[in-house]
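# Reading the structure
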Amino acid sequence: MRDDDKRPDPDALLDLVRREEDRKHRGQLRIFLGMAPGVGKTYAMLEAARLKMAEGTSPLAGVIETHGRQDTEALLYGMPMLPRQRLDYKGHVLEEFDLNAALEKRPPLILVDELAHANAPGCRHPKRWQDVEELLEHGLDVWTTLNVQHLESLNDIVAQITGVRVRETVPDAVLERAHSVILVDLPPEDLRQRLQEGKVYLPRQAEWAGENFFRQGNLNALRELALRQTANRVNTEVLVYRTGHSIETTWPTTERILVCVGPSPTSATLVRAAKRLADSLQAPWHALFIQQQPEGALTARALANLHLAQELGGQTHVLTGPDVARIIVGFARQHNVTRIVIGKPLRRTFLDIFRGSPVDRLVRESGEIDVHVIKGQDAGKRPAQAPQHPVRPSRWRAYAWAAGIVAASTAACFAMYPYFAVANLIMVYLVGVMAAAVWLPRRASVAASAASVLAFDFCFVPPRFSMAVTDVAYLVTFVVMFLVALVMSTMAARIKGQADSAAQLEQQASDLSDLSRNLATTRGLANLVEVARTHIARVFGCQVFVLLPSQSGRLESAFVAEAEESLADKDVGVAQWVFDNGKPAGLTTQTLAESDALYLPLPGTEAILGVVGLTPETGEAKDALELPDRRRLLDAVIHQTALALDVDRLEERAKATLVAAEREKLRAALLSTVTHDFKTPLAAIAGSAESLMALGDSAAAPVRRSLADNIVQEASRLERLVDNLLRIAALESGSVAPDIKPVPVEEVVGSVLARLEPLLADHVVRVEIPADLPPIPMDEVLMEQVLLNLLENAGKHTPPGTEIMLTAAVGDREAVIEVRDNGPGLIPGDPEKLFERFQRGDRAKTAGYGLGLAICRAVVKAHGGTITARQSGPVGASFTITLPLDAHHHPHHPHR
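First things first, this report covers the structure right here in the doc.

Taken in spatial order, the 5 strands of this open sheet run S10-S9-S8-S11-S12, and their pairing is parallel. At either margin of the open sheet sits one strand with a lone partner, and together these are strand S10 (315-320) and strand S12 (370-374). Put simply, the sheet's adjacent strands are angled 25° from each other on average, direction ignored. Note: strand S11 (residues 339-343) against S12, 5 bridges, orientation parallel. Bridge pairing links Gly343 to Ile374 in S12. Across the sheet, helix H11 (residues 267-281) is in contact with strand S8 (257-261), strand S9 (285-291), S11 and S12; its angle to S8 comes to roughly 175°.

Here it is in structure tokens:
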């Protein structure tokens, strides 16, 4: 290999530079990883921190959970500790990590125990690992501890092993981004001994844990998971280092198997042998098919062998190129393969005598990689061959084009023959050969090379129009001309193949980028499904439909009407099987292959989200679904779609959780705030009732009537309070959505004035509404309540005889309704506080609870508008309501 081929890969170097730049701006994270509680993670972290203190670094103990262990507490002696944040939650005081204090201190190193811990409500982040991420983003180095069962990707495996579902999980990306991972290991026997000695849990908890989570088998399995997780991380670091430094020599840190497959009948035997070898070594394995001609098509047998490898758990790959041995060795070194499995050739060709067979060259070039040459089935015992794709007419068309190019070159040479030497005519033929190599398949270009030599000899070499050659020197010319033409056609075909492969990869990357960008800018389940469906249909040339489950778990929702009509009961059954089992089925698979469509599951983080069905519109599209590279692209598209749907589902769940939390918070705030307001009318009712009971028949009729009236008035007052509280709670939680439609404002105002006629009888009410004012989008009932509250406040808080004005107008995009009075005006301070619950002004002594304006703001906000208060001139107050005229601006609520 040339020296310049050993230079580091620029892309790999650029990736390393980017990672180093990211590490410069972020703090460094060190994780002490263990298999279970009690292995000594916190102790090991504190021991390492003591060593840092001896070196002159002053670590800060952000939060350390010693669980009462004296040996662990002793390591904290002399180490600065961060006071914990105290939070009041449901009458209990909880202590949590104080993130703000840690950011203010900015220590060179901070210790944060129990990375998977869930923070108490009221903290900035719900999870402690998010606190750690913020510390790292601010450039602080963090040491932390983590048990392997808390990794998100292992959650299901741990639950299957231990029978315990771990609720506190950490994304795997946190572990992947860690600067270093230190495995804290302890034999299961020693850990169970520590458990019995009470060094892990209290005696009663220890007894239960020893019989459940801390069983010997569980600990062995968890220990293996921790060891494998650490080994996988180290192996990833090795691959990154080898790639960045362009190290081609395989480092056999772990076994990896590569099996070379093709259309040969022995390939299935090789695949099974590679599977057995990988199982015995507990190693991952790859299946590689090399397509020597870029324009060639994969045969049915080659596709069957690749499908077999994929079903047995191998990763399949298809590469293009003429040099089989070089491609195999390059792929093996790129993936750090330690063993190559290849079949023994059944027969030897004539060229193998001079240059050696691909197996011989593979053995020579493999270097430190072991090569297993396996004998397949005998030729006489070959299984029945799978049907091959018929020879396409395009091949004969290519030969016809090659003949036409040679004929055109010959015609040009006839025109040039009288004026140029014979040697110059060779250049014309070489130009034709180059054109054939660029535009036609390799075999056609080789045929054009041979035909050019024959045409040159027959038409222009003396004696002309004869294959005889009088000058022996022309024989050398023929050989050189043929070799030059052959080399040119080979090089052009190779460059064309590389260009086609690069274009194909670029197209795949572009397709994935377009889909990712469109999904990232789209919200809503139906919109996401439509984006994915349209993209898959365009890229793969198929009719696409997406089925999502109903509440009962049955697939009932199809997002394409024509697809839903074309689905037969049998196809729905196939889709349901895919949804229930989480595996592909239908066309091009080994499960229910008689179906006309390919069904693929949409895998979510917790369950299967739905099923995507593809019905090829042409035979070409059907063949494309069988190609490994197209299938990998389809799988990537499906996973991106599933990820977008999963994120949307989680966002909806988070919104619902937030609404529920806000609802609970509002309920608690209301109960705590209105306790006194409830007690007042209840005390009046109870006092009047007790007086009636105590006086009995001896009380005079006027006294009894007065006490009864007091009970009725206080009960009515209590009813209004409860009604207002329920109304504002429903509006602010979003459980009530306004029924918005165009409504004439004068009708709403007329209804309000009729209801308030007794209250406003002593005031001058002036209404200014233009005659041509169009209807305004609003909920008539809710907006009537808003105007009722505003006019009622104006009537209560202004002296008799003063004027109250109500105006309405429409601008470009909003309607404006204003209520003004000539009373004492607003109290000094922030007018926005008037719209808070239980806020009352001091300008009047009227009874009330301070909920009217809060209800007004909640209603107007539900309409997508605003309400403001201001001083109206020297005297009086003004309340202005703005409502959007465009229905698009009105907020959407989940419930009516």
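Scanning the model with the defined rule gives 22 salt bridges in all. Between Arg339 and Glu255 there is a salt bridge whose closest N-O contact spans 3.1 Å. On the criterion of sequence distance, the pair formed by Arg339 in strand S11 and Glu255 in the loop between helix H10 (216-244) and S8 is long-range, its members being 84 residues apart. Across the pair Arg517 and Asp514 runs a salt bridge, and its minimum N-O distance is 2.7 Å. With Arg517 and Asp514 both in helix H19 (residues 473-520) and 3 residues apart, the pair spans about one turn of that helix. The network of salt bridges with common partners includes Arg26, Glu133, Glu137 and Arg177.

All right, on to the sheet that holds strand S22 (residues 814-821) then. Read across the sheet, 5 strands follow the order S19-S21-S22-S24-S23 without closing on themselves; strand pairing throughout is mixed. Two strands close off the open sheet at either side, each with one partner strand: strand S19 (764-768) and strand S23 (866-871). Between one strand axis and the next, the sheet turns by 15° as a mean value, whatever way the strands run. Judged from the 7 bridges that link them, strand S21 (residues 803-810) and S22 form a sheet pairing that is antiparallel. Considered in S22, the bridge of Ile804 is made with Asp821. Sheet strands touched by helix H27 (residues 745-755): S19, S21 and S22. Its angle to S19, the strand with the most contacts, is close to 170°.

Next up on the list: the nonpolar core. Formed by 59 residues in total, the largest nonpolar core has its most connected members in Phe97, Leu111, Leu135 and Leu191. Setting aside anything within four residues of it in sequence, one finds Phe97 in contact with Gly62, Val63, Leu82, Gln85, Ala102, Ile110, Val112, Arg128, Asp131 and Leu135. Residues Leu760, Ala815, Ile817 and Leu853 belong to the second largest nonpolar core, which totals 38 residues.

Once that is clear, we can look at the side chain of Thr641. The topology assignment puts Thr641 in helix H24 (residues 628-673). Sequence-distant contacts of Thr641, that is, excluding residues within four places in its chain, are made with Leu515, Leu519, Ala532 and Leu602.

Note on strand geometry: in a regular strand, side chains alternate between the two faces of the sheet. The hairpin formed by S21 and S22 contains 3 residues between the paired strands. Looking at chain direction, S22 and strand S24 (residues 877-884) are connected through 7 bridges and run antiparallel. Note that in S24 the partner of Val816 across the bridge is Thr882.

As a packed pair, H27 and helix H28 (residues 780-797) sit with axes 9 Å apart at the nearest point and diverge in direction by 50°. The orientation of H27 with respect to H28, classified from their angle, is oblique. Note on packing geometry: the crossing formed by H27 with H28 is right-handed. Residue-level contacts link Glu747, Val748, Val749, Ser751, Val752, Leu753 and Arg755 of H27 to Glu780, Met783, Glu784, Leu787, Leu788 and Leu791 of H28. Of the residues in the contact of H27 with H28, the class split is 8 nonpolar, 1 polar and 4 charged.

Reading the values: rules and limits
Residues numbered from 1 in each chain as written. Predicted model: local features only at pLDDT ≥ 70, side-chain atom pairs only at ≥ 80, totals over all residues. Heavy atoms only, no water. Pairing = 2+ DSSP bridges. Helix = DSSP H or I, 4+ residues; strand = E, 2+ residues; numbered from the N terminus. Axes fitted to C-alpha atoms, helices over the stretch in contact; angles between N-to-C directions. Contact = heavy atoms within 4.5 Å. Salt bridge = Lys/Arg side-chain N within 4 Å of Asp/Glu carboxyl O. Core = buried A, V, L, I, M, F, W, Y, C linked by side-chain atoms within 4.5 Å. Buried < 20%, exposed > 50% of the residue type's maximum accessible area, 1.4 Å probe, protein only. Parallel < 35°, antiparallel > 145°, perpendicular 65-115°, else oblique. Left-handed = near helix turned anticlockwise from the far one by under 90°. Nonpolar A, V, L, I, M, F, W, Y, C, P; charged D, E, K, R; others polar.

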